[in-house]
Amino acid sequence: QVQLVESGGGLVQAGDSLRLSCAASGLTFSSYVMGWFRQAPGKEREFVAGISRSGSSTVYSNSVKGRFTISRDNAKNAVYLQLNSLKPEDTADYYCAAKNFGIVIMRANDYDYWGQGTQVTVSS
């Protein structure tokens, strides 16, 4: 079955960096658009970043543009999210998601598979 497993979260201070990883299995990874979403306590899940199947195209939410970078390695069936200049408002559970074919979409309901999430906490 399809599995997406996130890792790399943790507790950091404002201004620090983290690199999240998502390892995928059970799917033809290069056929899937990949996205990162996050959900803070008491808030709805929101789109953070997405990357096309080849990796040539990326999309970011305005709140993370210029600070976060999404990338993928189709040979390793993995997608990454580099988080720089972290702020307390970036505190959330971060999820990777896979969408079969098409283009990067910001709507969570369009994604077919989800990981269990990794927690990122940024202290001020």
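All figures in this text were calculated on a predicted structure; none of them were measured in a lab.

1. Side note on the overall build of the chain
Here comes step 1: Of the regular secondary structure elements, the chain holds zero helices and eleven strands.
Here comes step 2: Secondary structure elements of the chain, listed N to C terminal, follow the sequence β-β-β-β-β-β-β-β-β-β-β.
Here comes step 3: C-alpha atoms of the chain, sized along the principal axes, occupy 40 × 25 × 25 Å.
Here comes step 4: When contacts within the chain are restricted to residue pairs at least 6 apart in sequence, long-range pairs at least 24 apart make up 58% of them.
Here comes step 5: Surface exposure of the chain reaches about 6,300 Å², of which carbon and sulfur atoms provide 44%.
Here comes step 6: Taking the average location of the 12 positive side-chain charges in the chain and that of its 10 negative ones, the two points are 6 Å from each other.

2. Here's the deal with the nonpolar core
Here comes step 1: Formed by 29 residues in total, the largest nonpolar core has its most connected members in W36, V79, L81 and Y94.
Here comes step 2: Taken together, the elements giving at least two residues each to this core come down to β3 (18-25), β4 (32-39), β5 (46-51), β7 (68-73), β8 (78-83), β9 (92-100) and β11 (118-123).
Here comes step 3: In contact with V79, other than residues within four places in its own chain, are L20, S21, C22, F29, M34, W36, I51, I70, S71, R72 and C96.
Here comes step 4: V33, F47, A97 and Y111 belong to the second largest nonpolar core, which has six residues in total.

3. What about the sheet that holds β3?
Here comes step 1: Read from one edge of the open sheet, four strands run β1-β3-β8-β7, paired in antiparallel fashion. The open sheet terminates on both sides in strands that have one partner only, identified here as β1 (3-7) and β7. Taking the axes of each pair of neighbouring strands and ignoring which way they run, one obtains an average angle of 15° across the sheet.
Here comes step 2: As paired elements, β1 and β3 share five bridges and run antiparallel to each other. Bridging from a neighbouring strand, S7 pairs with S21 of β3.

4. Some points on the side chain of R72
Here comes step 1: Within the fold, R72 resides in strand β7.
Here comes step 2: Of the side chains with opposite charge, D73 comes closest to the buried, unpaired R72, at an N-O distance of 8.2 Å.
Here comes step 3: Within the structure, the side chain of R72 is placed 2.9 Å from the backbone oxygen of Y32, a separation counted as a polar contact.
Here comes step 4: Within the structure, the side chain of R72 is placed 2.8 Å from the backbone oxygen of S52, a separation counted as a polar contact.

5. Focus: the packing of aromatic side chains
The geometry of an aromatic ring pair comes down to the distance between the two centres and the angle between the two planes.
Here comes step 1: Under the counting rule described, the total for this entry stands at five aromatic pairs.
Here comes step 2: The structure contains a cluster of three or more aromatic residues connected by ring pairs, namely F37, F47, Y111 and W114.
Here comes step 3: R45 extends its terminal NZ or CZ atom over the ring of Y95, reaching a point 3.9 Å from the ring centre.
Here comes step 4: The ring of F29 carries the charged tip of R72 above its face, separated from the ring centre by 4.4 Å.

The rules we used
- Residues numbered from 1 in each chain as written.
- Predicted model: local features only at pLDDT ≥ 70, side-chain atom pairs only at ≥ 80, totals over all residues.
- Heavy atoms only, no water.
- Helix = DSSP H or I, 4+ residues; strand = E, 2+ residues; numbered from the N terminus.
- Contact = heavy atoms within 4.5 Å.
- Areas by Shrake-Rupley, 256 points an atom, 1.4 Å probe, with all protein chains shown as cover.
- Lys, Arg positive; Asp, Glu negative; His and termini not counted.
- Charge placed at Lys NZ, Arg CZ, Asp CG, Glu CD.
- Core = buried A, V, L, I, M, F, W, Y, C linked by side-chain atoms within 4.5 Å.
- Buried < 20%, exposed > 50% of the residue type's maximum accessible area, 1.4 Å probe, protein only.
- Pairing = 2+ DSSP bridges.
- Axes fitted to C-alpha atoms, helices over the stretch in contact; angles between N-to-C directions.
- Salt bridge = Lys/Arg side-chain N within 4 Å of Asp/Glu carboxyl O.
- Polar contact = N/O pair within 3.5 Å; in protein donor to acceptor, adjacent residues only side chain to side chain.
- Phe/Tyr/Trp six-rings, centres within 6.5 Å; stacked < 30°, edge-to-face > 60°.
- Lys NZ or Arg CZ within 6 Å of the ring centre and 35° of its normal.

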